[in-house]
Amino acid sequence: MVQRARQRCHALLTGLVALASAAVLSTATPAQAADAWTEVGSDRADPLTESQGLTSVEVPVNSANRYTGIGTIPLSVRNRGWNHVGDPDASYDGYYIEPYQADSGSAKMFRVQAPGGGWSEYVHALGPGEALNNSFVAISPGGQWMVSGEWGTMTRLLVHPTPGVNPSTSPSANLPWTSSIRLDRPVRDVQGCDFRDATTLLCSSDDPDGSLFGTTKPLLQIDLSAAPGTSDVTGRVTALRQLPLRSSCSGSFETEGIDYDRRTGTLRVIVISPGFCVLTDSKTYRFTRG
């Protein structure tokens, strides 16, 4: 009887250990299974022309990387109230898009350069509950859909047909908000996102608080349930690491735009230094997947 009791007790303990192990695995933080991005270098970021965003350009071949900053806004655009430019993106077939916002109003603007060099503007009227901020654009690998982002603490990203690329768009018509990426947890102050592949976004967060992911200024990965399009999809958010915060000055850093170059596998993120050092040691940091 004693032996049988011991066997039953051992079986019970074994079962409890198995259940506990399964629970630990099911509740493990996403970061434990996420990719690691290792810093491999940096370049100075000019505070006037490279302080808001960046993108690599595949068409034409051997094109230089493109940047945005207060100094890149054309005077004709600024004079019409579009005085802030965010993180741009370029499609794989050569369309380049910059997101713009104004200090007030009920619309956002996306400025598009076609592969032939001509520019056009697409205006998006704000939807119900939509913030005025127009922080970034991220063009899906297929080219037909574009993700944009607001500011503050959000549980969604916005999806639009890509202006100039998707045949449903026209500069003379409102650019619609077609669907949303519904995030499984909140994100704060996302400054830029770029697609690593059809269902993976990499995003730079300027979060100064750190309570959402246990660190300030995180690099985020968002794994989508499906490629974005006309229907809502869900996004699983993982904090991969804190972005570099190094400067000769002390104070508040600002994380800005992000770019993933599929040709080289290089990820780049702009981090603006505090105080006077914004002029001297702001950086575009480079990372590769480990």
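These lines cover the structure that appears in this document, whether it is placed above or below.

Reading guide: rules and limits
Within every chain, residues take consecutive numbers counted from 1 along the sequence as written. Residues qualify for local features only when their pLDDT is at least 70, as the model is predicted, and side-chain atom pairs are given and counted only at 80 or more; totals for whole chains, interfaces and linings, by contrast, use all residues. Side-chain numbers come from the whole structure's heavy atoms, not from hydrogens or water. Classification of ring pairs uses Phe, Tyr and Trp, with its six-membered ring standing for Trp, and accepts pairs whose centres are within 6.5 Å; under 30 degrees between planes counts as stacked, over 60 as edge-to-face, and the remaining range as tilted. By definition here, charges over rings are those cases where NZ of Lys or CZ of Arg is within 6 Å of the ring centre and within 35 degrees of the ring normal. Three exposure classes are used, based on accessible area relative to the maximum for each residue type with a 1.4 Å probe and protein chains only: buried under 20%, partly exposed in between, and exposed over 50%. Helix and strand assignments follow DSSP, with helices taken as H or I runs no shorter than four residues and strands as E runs no shorter than two, numbered in order from the N terminus. Criterion used throughout: strands pair if DSSP finds at least two bridges between them. Angles run from 0 to 180 degrees between N-to-C directions of axes, and those axes are lines fitted to C-alpha atoms, restricted for helices to the stretch in contact. For this text, the term disulfide refers to a pair of cysteine sulfurs within 2.5 Å.

## As for the packing of aromatic side chains
No. 1: Using the criterion set out here, one finds two aromatic pairs in the structure.
No. 2: The ring of Tyr96 has Arg66 sitting right over it, with the charged end atom 3.8 Å from the ring centre.
No. 3: One Lys or Arg, Arg111, reaches over the ring of Trp119 and ends 3.7 Å from the middle of that ring.

## Here we look at the pairing of strand S10 (residues 145-148)
No. 1: Side chains of S10 alternate between two faces, with Trp145 and Val147 and Met146 and Ser148 buried alike.
No. 2: Where strand S9 (residues 137-139) folds back on S10, the antiparallel hairpin that results is connected by five residues, among which Gly143 adopts a positive phi of roughly 90 degrees.
No. 3: Between the antiparallel neighbours S10 and strand S11 (residues 153-161) lie four residues, among them Gly152 with a positive phi of about 90 degrees.

## Section: the sheet that holds strand S15 (residues 218-224)
No. 1: Here eight strands make up an open sheet; going across it, the order is S9-S10-S11-S12-S16-S15-S14-S13 and the pairing mixed. Both outer strands of the open sheet, S9 and strand S13 (190-197), are each paired with one neighbouring strand and no more. Neighbour-to-neighbour, the strand axes of the sheet open up by a mean angle of 25 degrees, direction not taken into account.
No. 2: Note: S13 against strand S14 (residues 200-205), six bridges, orientation antiparallel. Residue pairing in the sheet places Val190 in a bridge with Ser205 of S14.

## A look at the state of the cysteines
No. 1: A complete count under the given rule lists two disulfides for this structure.
No. 2: What pairs with Cys193 in a disulfide is Cys203, and their sulfur atoms sit 2.0 Å apart. Judged by the sign of its S-S torsion, about 110 degrees, the cystine formed by Cys193 and Cys203 is right-handed. Within this pair, whereas Cys193 is found in strand S13, its partner Cys203 is found in strand S14, the two being separated by 10 residues in sequence. In terms of burial, Cys193 and Cys203 fall into one category: buried.
No. 3: With its sulfur 2.0 Å from that of its partner, Cys249 forms a disulfide with Cys277. Taking the torsion about the S-S bond as the criterion, the Cys249 to Cys277 disulfide, at about 70 degrees, is right-handed. Here Cys277 lies in the loop between strand S18 (266-272) and strand S19 (283-289) and Cys249 lies in the loop between strand S16 (233-242) and strand S17 (254-261), a separation of 28 residues in the sequence.
No. 4: Each bonded cysteine of the chain is numbered by sequence order, and under that numbering the disulfide pairs are 1-2, 3-4.

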